[in-house]
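The lines below spell out each chain.
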Amino acid sequence: MSTSALTEAVPLSLCAREPHVPADRLVAEMVPPPRFDGVRFDTYIPDPNQPSQTEAVEVLAAFAEGLGGAHASGTGRRRWFSRKPAAPTGPRGVYLDGGYGVGKTHLLASLWHATPAEPALKAFGTFVELTNLVGALGFQQTVRTLSGHRLLCIDEFELDDPGDTVLVSTLLGKLVEAGVALAATSNTLPGKLGEGRFAAADFLREIQGLSAHFRPLRIDGEDYRHRGLPEAPPPYADEEVTRVARATPGASLDHFPALLEHLARVHPSRYGALTEDVAAVCLTGVTAVPDQSTALRLVVLADRLYDREIPVLASGLPFDRLFSDEMLNGGYRKKYFRAISRLTALARDAKGLVTQ
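Residues numbered from 1 in each chain as written. Predicted model: local features only at pLDDT ≥ 70, side-chain atom pairs only at ≥ 80, totals over all residues. Heavy atoms only, no water.

**Section: the environment of A117**
- With respect to the helices and strands, A117 occurs in the loop between α5 (104-114) and β2 (122-126).
- With relative accessibility at 19%, the residue A117 sits in the buried group.
- Between the C-alpha atoms of A117 and L67, which are 50 residues apart in sequence, the distance is 8.4 Å.
- If near-sequence neighbours (up to four positions away) are discounted, A117 is found in contact with K122 and R150. (Helix = DSSP H or I, 4+ residues; strand = E, 2+ residues; numbered from the N terminus. Buried < 20%, exposed > 50% of the residue type's maximum accessible area, 1.4 Å probe, protein only. Contact = heavy atoms within 4.5 Å.)

Structure (structure tokens):
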């Protein structure tokens, strides 16, 4: 296709999409996101200055191997305990505690890949995706659906919504009774990377009845998304964003305030489908989000874009000014810091589109 033809292309619009996702698809899609298709324990490069990273790989690899004979009936529990005495012998779950960008999701996905079971017997999803699954299937059906699994991995376990935390804690209790092994991650705030014990204590306290089933595993380190990399590129002009959208096959182009309004009409469980087959997201007129509900929806969208490695090119405010100081100091601050980190990484990825 010629350059002139590309410049005449009409970009996609996320605002024009209203995806409908059947409940069974939500279950089938509970696998590591495309960004982590190829990750394995041997592709995780531990920082030599952070021995906890090497320890995490060793413990998780042993954990996965020990699940080889596990069954949802619980008969595999005895085998797991006996096969790997070097691995934790009490807890049947692991909780990866650490800051942003230290590779927790890489390790969690590696655990999923390394567990010797068919994909249909392993589930991987974020905390939000798990609550969405309960909303779509109902609590009892979710228990029945996941009870036959050998492993459930929960990325980004959220501790800031008491209602959802109790819901998921109750669900996990039922799954543990059925013999399902568990693994979870959560984040420590960037300014509190040395307070891992407190983050682990928060996690275990929130899932009171399940504390005995989890071994906290601390992973120290710097955010790899920003380690040794340049600062995120500044926002571009509206005209440049529009030009790139028209010149990039499969790119979407939306006015940021309009997209925020559209997200309110689409259930967050459908945000993955909303971005399906999108090569790049181009946004004009980025502004600070007006309220917390809008901000939380944007966080979910940022997660789905990051999972799918979709670059984001934008005009207006830089991404580190999306959220107000009040939001960044409030109860959902972990989510907002994660969104900033991920959108910044995707903004860097989009830099190459400008030079094409």
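**Looking at unusual backbone geometry**
- Unusually for a residue other than glycine, D277 sits at a positive phi of about 65°.
- Here D277 lies in the loop between α12 (271-274) and β7 (280-286).
- Residue D277 is classed as exposed on the basis of its relative accessible area of 69%.
- The backbone phi angle of E309 is positive, close to 55°, even though this residue is not glycine.
- By the secondary structure assignment, E309 is in the loop between α13 (292-307) and β8 (312-316).

**Looking at the nonpolar core**
- Residues V281, L283, L298, L322, F323 and Y336 are the most contacted members of the largest nonpolar core, which totals 37 residues.
- Contributing elements (two or more residues each) for this core: α11 (256-263), α12, β7, α13, β8, α14 (325-328) and α15 (333-354).
- The greatest single-element share of this core, amounting to eight residues, is contributed by α13.
- Counting residues in each nonpolar core, the second largest holds 26 residues, with V39, L96, W112 and C153 among its members. (Core = buried A, V, L, I, M, F, W, Y, C linked by side-chain atoms within 4.5 Å.)

**Overview of the packing of aromatic side chains**
- Summed over all chains, the structure comprises two aromatic pairs.
- For the ring pair F127 and F157, a centre distance of 4.8 Å and an interplane angle of 55° mean the geometry is tilted. Placement of the pair is F127 in helix α6 (residues 127-137) and F157 in the loop between β3 (151-155) and α8 (162-177), with a sequence separation of 30 residues. Here the two residues F127 and F157 agree in accessibility, since each one is buried.
- When the ring of F323 is compared with that of Y336, the centres are 4.6 Å apart and the planes differ by 25°; the resulting orientation is stacked. Here F323, found in the loop between β8 and α14, pairs with Y336, found in helix α15; they are 13 residues apart in sequence, far enough to count as distant.
- F323 gets classed as buried once you look at its relative accessible area, which sits at 4%.
- Overall, the relative accessible area of 0% leaves Y336 in the buried class.
- One Lys or Arg, R35, reaches over the ring of Y306 and ends 3.8 Å from the middle of that ring.
- Above the face of the W112 ring, K122 is positioned so that its terminal group lies 4.2 Å from the ring centre. (Phe/Tyr/Trp six-rings, centres within 6.5 Å; stacked < 30°, edge-to-face > 60°. Lys NZ or Arg CZ within 6 Å of the ring centre and 35° of its normal.)

**Focus on the confidence of the model for the protein chain**
- Across the protein chain, the average pLDDT comes to 83, with 79% of residues at 70 or higher.
- In the predicted structure, residues 72-89 sits below a pLDDT of 50 and forms 30 contacts with residues beyond four places in sequence or in another chain. (pLDDT = per-residue confidence, 0-100.)

**Here's the deal with the sheet that holds strand β6 (residues 251-255)**
- Pairing within the open sheet is parallel, and its three strands lie in the order β6-β7-β8. Pairing within the sheet leaves two strands with one partner each, and these edge strands are β6 and β8. Recorded for the sheet is a direction-independent mean angle of 15° between the axes of neighbouring strands.
- Here β6 pairs with β7 via five bridges, running parallel. If you follow S252 over to β7, its bridge partner there is V281. (Pairing = 2+ DSSP bridges. Axes fitted to C-alpha atoms, helices over the stretch in contact; angles between N-to-C directions.)

**Quick notes on the side chain of S315**
- Its place among the elements puts S315 in strand β8.
- A distance of 2.4 Å separates a polar atom in the side chain of S315 from a polar atom in the side chain of D238.
- Contact partners of S315, with chain neighbours within four places excluded, come to P235, Y236, A237, D238, V241, L283, T284, G285 and V286. (Polar contact = N/O pair within 3.5 Å; in protein donor to acceptor, adjacent residues only side chain to side chain.)

**Quick word on the pattern of salt bridges**
- All told, the structure shown has twelve salt bridges when counted by the stated rule.
- For the salt bridge of E29 with R25, the shortest nitrogen-to-oxygen distance reads 2.4 Å.
- For E29, a relative accessible area of 38% translates into the label partly exposed.
- Relative accessible area serves as the criterion here: at 25%, R25 is assigned to the partly exposed category.
- Shared partners join several salt bridges into a network, and the residues in it are E156, D303, R338 and R342. (Salt bridge = Lys/Arg side-chain N within 4 Å of Asp/Glu carboxyl O.)

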